[in-house]
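Residues per chain, in single letters:
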Amino acid sequence: MAEIEYTLEQKRDLKTAVPGPKSRELAERRGNAIASGVASSVPAYAEKLDGGVILDVDGNQLIDLGSGIAVTSVGASAPKVVENVKNAVENFTHTCFMVTPYEGYVELGEKIAELTPGSFDKRAALFNSGSEAVENAVKIARTYTKRSAVVVFDHAYHGRTNLTLAMTSKVMPYKQGFGPFASDVYRVPMSYPFRDADGITGQEAAERALLLIEKQVGAENVAAVVIEPIQGEGGFIVPAEGFLPTLTKWCQDNGAVFVADEVQAGIARTGKWFSSEWEGIEPDLVTFAKGIAGGMPLSGVVGRAEIMNSVHGGGLGGTYGGNPVACAAALGAIETIEEWGLNERALEIEKIIKEELGDLAESSPIVGELRGRGAMMALEFVEPGSKKPNADAAKQIAAKCMEQGVVILTCGTFGNNVRLLPPLVIDFDLLRDGLRVFAKAIEEAGA
Ligand SMILES: *Cc1c(COP(=O)(O)O)cnc(C)c1O
């Protein structure tokens, strides 16, 4: 595994309580300037990030097990990303690709087509956010199929714009009060092995969903089936084996476009470039964002040329989509993943997480399950002796970790999961330190 060089010592170090005085001062200013609907999970304000360390404004070094929600997989100041961004900025910050095109956009399109599953002819289009990518995938699928229905799943998260909120499942905090939402979006059951009836196979779970689609939507009306191959915000739900291939086959047989929303699980997060690869599926369209550009805002849709090219000229785009600086960052991030072997590192991280937490998953009465793939693992917390979701435990444990300088995030429809999304470049000893703080908090909460 490649040696990674760090600019901050990879060590947890608390100089003050978290938040410290400077962070508290900023929080007060924030209260008078920033809308309260924008919330933050971490009470400390950032000064510098490197590897798995967040240095805050009070000089505390926190362990980052969240990567700004699966974004800074290559680190938040990866040398190759920083260098590319500096060079790009000196040449030009913006032209709008729809006005004056540039090479970086084209090069990233070429690269992403190589990295996504399927050896068929592909085309790509670039945007700014994950939501925008998903929204565009739907526009493209509707144009290609001349149909309008969009099928999504329980526990899905696809974004916060109006159409993607219709596709997102959880009401609080994402949807509450923001409707009415876009129409012709239909939700069917996910494969959720921990909560499904015992023994139901992936294929059976898919057939359960497909029967509902056929009876309640009509196969001939379905433009797209959109799914996260491993669900993110919904609780790091890995569907049972066979679920995804049964869905892709149905789409093929019924002329619907299969869209894999890889915004969270893609770009080396699970130990493969795209999580679709774990089941060998070849999505018609793939959406990507979060991990692609080392923290710069960039997203895109890539997939079958005949589908992507079905849209009329000028039908896709946006002022900032595929910004030149963000494209340069993405090319740097991809190079970093390759050079530092970050797919292999993601698998090593999974091994370490299992070593540190695997026993607890067996012994703690409040741990229902440890699941996930690569550096995308979560613990689902339950009431002792049942599968009843225990959101309080997840919240308490995350807060306790925060106090001790370990940043971890909760997730899940029921709010009862703690998810681990460390930067793939995290130092392994630092990771173990963070996991041990986490394990201790779990033991105390379950005692
Ligand atoms: C985060 C996320 C989105 C939305 O991305 P934004 O950049 O926040 O708009 C869409 N789909 C999935 C699977 C995500 O995890």
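These numbers were taken from a predicted model, which means no experiment stands behind them.

Conventions and cut-offs
- Residues numbered from 1 in each chain as written.
- Predicted model: local features only at pLDDT ≥ 70, side-chain atom pairs only at ≥ 80, totals over all residues.
- Heavy atoms only, no water.
- Helix = DSSP H or I, 4+ residues; strand = E, 2+ residues; numbered from the N terminus.
- Contact = heavy atoms within 4.5 Å.
- Axes fitted to C-alpha atoms, helices over the stretch in contact; angles between N-to-C directions.
- Parallel < 35°, antiparallel > 145°, perpendicular 65-115°, else oblique.
- Left-handed = near helix turned anticlockwise from the far one by under 90°.
- Nonpolar A, V, L, I, M, F, W, Y, C, P; charged D, E, K, R; others polar.
- Pairing = 2+ DSSP bridges.
- Core = buried A, V, L, I, M, F, W, Y, C linked by side-chain atoms within 4.5 Å.
- Buried < 20%, exposed > 50% of the residue type's maximum accessible area, 1.4 Å probe, protein only.
- Domains from an automatic or database assignment.

### What about the environment of Pro189?
Phase 1: By the element assignment, Pro189 lies in the loop between strand E6 (185–188) and helix H8 (202–216).
Phase 2: For Pro189 and Ser386, which are 197 residues apart along the polypeptide, the C-alpha to C-alpha distance reads 22 Å.
Phase 3: In this view, Pro189 contacts Phe153, Asp154, Arg208, Ala209, Leu212 and Phe243; residues no more than four positions away in its chain are not counted.

### A closer look at the packing of helix H13 (residues 391–403) against helix H14 (residues 428–446)
Phase 1: The geometry of H13 relative to H14 is characterised by a closest axis approach of 9 Å and an angle of 135° between their N-to-C directions. With respect to H14, the axis of H13 lies oblique. Helix-helix and strand crossings are classified by hand; for H13 and H14 the assignment is right-handed. Seen from H13, the contacting residues are Gln396, Ile397, Lys400 and Cys401; seen from H14, they are Val437, Phe438, Ala441, Ile442, Glu444 and Ala445.
Phase 2: Partitioning the contact of H13 with H14 into residue classes produces 7 nonpolar, 1 polar and 2 charged.

### Some points on the sheet that holds strand E15 (residues 417–420)
Phase 1: An order of E11-E12-E15-E14 is seen for the 4 strands of this open sheet, with the pairing classed as antiparallel. Every other strand in the sheet has two partners, leaving strand E11 (367–373) and strand E14 (409–411) as the edge strands with one partner each. Strand-to-strand twist in this sheet, taken as the mean axis angle between neighbours without regard to direction, amounts to 30°.
Phase 2: Packing against the sheet, helix H12 (residues 342–363) makes contact with E11, strand E12 (376–381) and E15, and its axis sits at approximately 165° to E11.

### Side note on the nonpolar core
Phase 1: Counting residues in each nonpolar core, the largest one holds 102 residues, and the members touching the most others are Leu357, Phe381 and Phe438.
Phase 2: Of all the elements, helix H11 (residues 324–339) adds the most residues to this core, at 10 residues.
Phase 3: A domain split of this core shows at least three residues from each of domain 1 (21–64 + 341–446) and domain 2 (81–339).
Phase 4: Residues in contact with Leu357, not counting those within four places in the same chain, are Leu370, Leu379, Leu420, Leu435, Phe438 and Ala439.
Phase 5: In terms of nonpolar packing, the next biggest core, distinct from the first, is built from 23 residues, Ala137, Val150, Met167 and Val257 among them.

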